[in-house]
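# Observations on chain architecture
Listed here are the chains, written in short residue letters.
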Amino acid sequence: MRCPPLFECFSIPKENPSKIINMLNLRPKMVDSQYYLPNDIGISALDCGEAFRLLSPQEKLYAHYLSRAAWYGGLAVLLQTSPESANIFVMLQRIFRKQTPAQLEQAATAAGLSSAEYQAFLVYAAGLYANMGNYKSFGDTKFIPNLPKEKLQALVKASQAFQDQPAEMEALWNSCSGPLYSLEDKQKQLGLGDKGITTYFSGNCCLEDAELAQKFLDSKVSVLAFLPQCFTIADKWKWSDLFLLTVDLKTTHCCPADCAVDGECESCCGSFRFEDKEFTVKRGDYGPVMEKVSYYLQEAQAYAANENQRKMLEEYRRSFTLGSIDAHKEGSRYWIKDKGPIVESYIGFIESYRDPFGSRGEFEGFVAVVNKAMSERFAKLVSSAEVLLPELPWPREFEKDTFLKPDFTSLDVLTFAGSGIPAGINIPNYDDIRQSEGFKNVSLGNVLAVAYATQKEKLTFLKEEDKDLFIKWKGPSFEVQDDSGKFNFDQTKVINPETKEPVSSWYRGSETWDSKFSTIASSYEECRAECVGLYLCLKKEVLSIFGHEGQEAEEVVYINWLSMVRAGLLGLEFYTPESKSWRQAHMQARFVILRVLLEAGEGLVGLEEVTGQDGKPDARITLDRSKIHTVGKNAIQRFLCKLQVFKSTADVEGGRALYEGYSTVSDSGAHNFLRLRETVLLRKEARKMFVQANTRVNGDSVELVEYEGSAAGLIRSFTERFPDDAEQLEADLLELNKRDAPCWC
C-alpha cells in the first residue's frame with residue numbers, strides 16, 4: 001500500500017514567469033453548481049451510542065482521551081488544505097460560540113437574508129467543518145457559499161461576535177472573504193503549480209521542484225519525506241540559481257537547525273548540499289497543535305488495556321514531540337501487535353491522497369469500538385487468505401515474501417478527525433512494516449450503514465429493474481471487496497510474465513512505491529485493490545464466508561460489478577478538463593476499471609447517452625451478468641496481472657503508460673466521455689456529511705454528547721468540541737497561518 005510521507009514544500013516568493021492566457025472558447029463549459037453544497041444535502045448523525053454504552057469505565061476514559069488527541073490533531077488539516085481555511089474556521093467558530101444557529105437566525109433575518117440564504121450559510125459552515133477546509137475531501141473541488149457575498153458580509157456584521165469584537169472580526173472577514181468566494185481557474189481545485197491550490201507547495205513550485213525535494217528526502221533515510229514541511233527559496237526567477245529547501249518537522253518543539261532534541265534525529269536537522277543545492281532541515285511545525293495531541297495521548301496512557309497500547313502511545317508522543325518518524329513506525333509496530341482491542345485507534349499524518357505529488361501525508365486520527373459479529377466474518381476471510389492468494393493472476397515471485405495475516409475488524413466509529421471519513425482503512429502505510437510485520441484491515445460499519453442508505457429516486461444511470469437489487473445488495477457487496485542492499489529475488493530466474501524476459505527493474509536503496517510512482521501511486525494502488533476485490537468475489541468460498549450462497553451469491557456478484565462500472569461513470573465528476581487531471585484517487589481508479597471492462601467488448605458493459613424523463617441529457621449503463629465469469633473475469637485477470645508486475649518491478653515507465661492511458665478522458669472514440677462528464681455533473685448527488693458525537697468527563701464517568709443529523713447539529717458539535725481553550729486555540733491557528741502566508745504569493 002501507500003507510504004504516508006508527511007511534509008509540505010514551499011517556494012518563498014520568486015518572481016513568476018509570464019502567464020499564458022487560456023483561450024476560454026477552447027474549454028468545455030464548467031457547471032457552476034458543482035461549487036456549491038445544496039441546501040438539501042444529506043447530513044446524518046453517526047450512531048455509536050450503543051457501542052459506547054457497552055464500554056467499561058476504563059475503556060470510556062481511554063476512548064475519551066484518544067478522541068481529544070484526534071480532534072486537536074485534526075485542526076492541522078485546516079492548514080494543510082488551503083491558505084484561507086484556518087481563518088474561515090476561526091471566523092465561524094467565533095460566530096457560533098456566541099450564538100447558536102437558532103439564535104443567529106434572528107440576526108440573519110434582520111440583516112435581510114431569506115430563509116433559503118440562511119440555510120445555505122449553515123450548509124456552507126457545516127461543509128467547512130466536515131471537510132476541515134473549503135475544498136471537498138472527496139474530489140478536492142472548492143465549494144463556496146450559495147448566497148451573495150454582500151449577504152454573508154451583512155450576516156457576519158450582524159452577529160454578536162462582530163458586535164463584541166468589531167476590529168478583530170472585520171480583520172478576519174477581510175483576510176478570507178476574497179478567496180472564500182473566488183472561483184478563478186487555479187482556485188477551483190487543489191493541485192500543483194498552475195493546476196490548482198495547495199499548501200503542501202507554494203504557488204510558484206512546479207513538478208521539477210517537487211521531484212528534487214523527493215530525491216533529497218529519498219537520500220535522507222531518517223527523514224523519508226514523512227514528517228516535514230518544506231520551504232523552497234529560489235533566487236531571482238530562475239529555479240536553477242538557488243534552491244533552498246527548509247524541512248520543518250511537525251513537532252511540539254522548535255529548535256535551531258543544528259540542534260538535536262534529547263538526542264533524537266541528530267542526522268535529520270541541519271544544512272545539507274544535494275545536487276548543488278542547499279537544503280536545511282529544522283523542527284517546530286504545528287507546535288501548539290502537536291503539543292495538545294501529545295498531552296492527551298499521555299492522558300490516555302493511564303487507561304490503556306495492555307502494555308502494547310501503553311508503548312504504542314508513548315512512541316506516538318515521542319514522534320509528535322521530537323519529529324521522529326522512527327518513533328511513529330515503532331508505535332505502529334505496537335499497534336499491529338495489539339490484536340482485537342475493544343477500543344481501536346490510529347493517529348498521525350497518514351494518507352497522501354491530497355498531496356499533488358502523492359507523497360506527503362494528511363493528518364487523521366480515529367477512535368472506534370469493535371463490532372464483534374462482523375469482525376468474526378472478516379476473521380474467517382483472513383484465515384482463508386493463504387488459500388485464496390494463489391488464485392490471483394500473477395506468479396508467486398511477484399507477491400510479498402511472506403503473507404502476514406492482518407487483523408481484520410469491523411468497527412463503529414466514535415471519532416474520526418480529518419478531512420473526511422472513509423468506509424474502510426488498511427494501515428499502516430509503511431511498506432517495510434507491512435512487508436515484514438503486517439498490517440490491519442478496518443471496516444467502519446456505522447459509516448457504511450449511513451453511506452449506503454440510498455433512495456431509489458436518486459439512483460442515477462441504472463435500469464429500473466436494477467435499482468431495487470442495487471439498494472438491497474450494495475452494502476453486502478461492499479463487504480466482499482528491503483532496503484538492506486540485498487535482492488529479495490533471483491535476478492536470473494524471475495521472469496516477467498508480460499515480456500517473458502528476466503525482470504530488468506526493481507526498487508533500489510531507500511526507494512519506495514510512493515517515491516517511484518509519485519503522482520499516480522495512490523490511484524494506481526486503489527485500482528489494484530479494487531480489481532483484486534472484483535476478481536476474488538467470483539470465488540464461491542469468499543461469498544460463503546459472508547453467508548451468501550446460490551442465487552443470493554450471484555446477486556451479490558452482479559451488484560458488486562454493476563456498482564463498480566456505475567462508479568466509474570460517476571468518477572467523471574472528479575476529472576478537470578482544463579488541467580487534464582484527476583482530483584480523487586478512488587474515482588480515477590474506478591473510471592480506469594470501467595474503461596477496461598468496456599474495452600473487453602462482447603456486450604459485457606453497455607454505456608449509452610439518452611434523454612431523461614425531464615428532457616435533459618442522461619446516460620444508461622448496463623452489465624450482462626451472464627458474461628461476468630467469462631469476459632469480465634478474463635479482462636480483470638489480464639489487467640490485474642499487468643498492474644501487479646509493473647508495481648513489483650518498479651517499472652514506472654510501463655505502469656504510468658498503462659494507467660494514464662486508461663485514465664484519459666476525451667471526446668473521441670466509442671464514447672464521448674467529456675460530454676458524459678457534463679451529464680454526470682448535471683445529475684450528481686452531493687456526498688453525505690456526518691455529525692459526530694463529543695465525549696466529556698463528568699466526575700468519574702464519561703458522557704457521550706450526541707447531536708441531531710442536520711447542518712445546525714454538525715455546527716454545534718464543533719463549537720462544543722473545544723470548550724476549555726477555544727480562544728487560545730483560535731489564536732494559535734491564526735498565528736500558524738500568518739507565519740506561512742508569505743508562501744502563497
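The structure displayed is predicted, hence computed values, not measured ones.

When helices and strands are tallied, the protein chain shows 28 helices and 18 strands. Of the roughly 29,900 Å² of accessible surface on the protein chain, a fraction of 49% belongs to carbon and sulfur atoms.

By the bridge criterion, five bridges tie strand β17 (residues 694-698) to strand β18 (residues 701-705) in an arrangement that is antiparallel. Considered in β18, the bridge of R696 is made with E703. Hairpin remark: β17 followed by β18, antiparallel, with two residues in the connecting loop; positive phi at G699, about 70 degrees.

Moving on: the pattern of salt bridges. Charged atoms that come close allow side chains of opposite charge to pair. Counting across every chain of the model gives 33 salt bridges. Where R739 meets D740, a salt bridge forms, and the shortest distance between an N and an O atom there is 3.4 Å. According to the relative accessible area criterion, R739 is partly exposed, its value standing at 35%. Look at the salt bridges and you will find they share partners, linking R94, R97 and E730 into a network.

The next point concerns the confidence of the model for the protein chain. Per-residue confidence for the protein chain averages 82 on the pLDDT scale, and 76% of its residues sit at or above 70. Low pLDDT, under 50, characterises residues 230-245; the predicted model gives this stretch 56 contacts beyond four residues in sequence or across chains.

Summarising the element assignment, A368 is placed in strand β8 (residues 362-371). Counting along the chain gives 316 residues from A368 to F52, while the straight-line C-alpha distance between them is 9.0 Å. The contact partners of A368, leaving out residues within four places of it in the chain, are I342, V343, E344, L411, D412, V413 and L414.

Our focus in this paragraph is the UniProt feature "binding site: Zn(2+)" (unreviewed entry) in the protein chain. The UniProt record marks E526 with the feature "binding site: Zn(2+)" (unreviewed entry), using the residue numbering of this structure. Position of E526 relative to the elements: it lies in helix α20 (residues 521-536). Classification of E526 as buried rests on a relative accessible area of 9%.

Here we come to the pairing of strand β14 (residues 605-611). Alignment of β14 against strand β15 (residues 617-623), held across seven bridges, turns out to be antiparallel. Within β15, the residue paired with V605 across the bridge is L623. In sequence, β14 turns back onto β15 through a hairpin of five residues, with G615 there showing a positive phi of about 85 degrees.

The next subject is the side chain of S85. Position of S85 among the secondary structure elements: in helix α4 (residues 85-98). Here N134 takes part through its side chain, which lies 3.0 Å from a polar atom of the side chain of S85. When sequence neighbours within four positions are dropped, the list of residues in contact with S85 reads L78, G133 and N134.

In this section: the environment of S67. Its location among the elements puts S67 in helix α2 (residues 57-74). The spacing of S67 and L297 is 230 residues in sequence and 9.3 Å in space, taken between C-alpha atoms. Once you skip the residues sitting within four places of it in the chain, S67 turns out to touch V367, L414, T415 and T695. A polar contact of 2.8 Å, which involves the side chain of S67, links it to the side chain of T415.

As a further point, take the packing of aromatic side chains. Summed over the entire model, instances satisfying the criterion amount to 24 aromatic pairs. When the ring of F349 is compared with that of F363, the centres are 5.3 Å apart and the planes differ by 80 degrees; the resulting orientation is edge-to-face. Within this pair, whereas F349 is found in strand β7 (residues 343-351), its partner F363 is found in strand β8, the two being separated by 14 residues in sequence. A relative accessible area of 1% places F363 in the buried class. Members of the aromatic cluster, each reached through a chain of ring pairs, are Y65, Y72, Y295, Y296, Y303 and F722. Across the ring face of Y558, the terminal group of R625 is positioned such that the distance to the ring centre comes to 4.0 Å.

Thresholds, definitions, all that
- Residues numbered from 1 in each chain as written.
- Predicted model: local features only at pLDDT ≥ 70, side-chain atom pairs only at ≥ 80, totals over all residues.
- Heavy atoms only, no water.
- Helix = DSSP H or I, 4+ residues; strand = E, 2+ residues; numbered from the N terminus.
- Areas by Shrake-Rupley, 256 points an atom, 1.4 Å probe, with all protein chains shown as cover.
- Pairing = 2+ DSSP bridges.
- Salt bridge = Lys/Arg side-chain N within 4 Å of Asp/Glu carboxyl O.
- Buried < 20%, exposed > 50% of the residue type's maximum accessible area, 1.4 Å probe, protein only.
- pLDDT = per-residue confidence, 0-100.
- Contact = heavy atoms within 4.5 Å.
- UniProt positions renumbered as here; feature names shortened; annotations may be inferred.
- Polar contact = N/O pair within 3.5 Å; in protein donor to acceptor, adjacent residues only side chain to side chain.
- Phe/Tyr/Trp six-rings, centres within 6.5 Å; stacked < 30°, edge-to-face > 60°.
- Lys NZ or Arg CZ within 6 Å of the ring centre and 35° of its normal.

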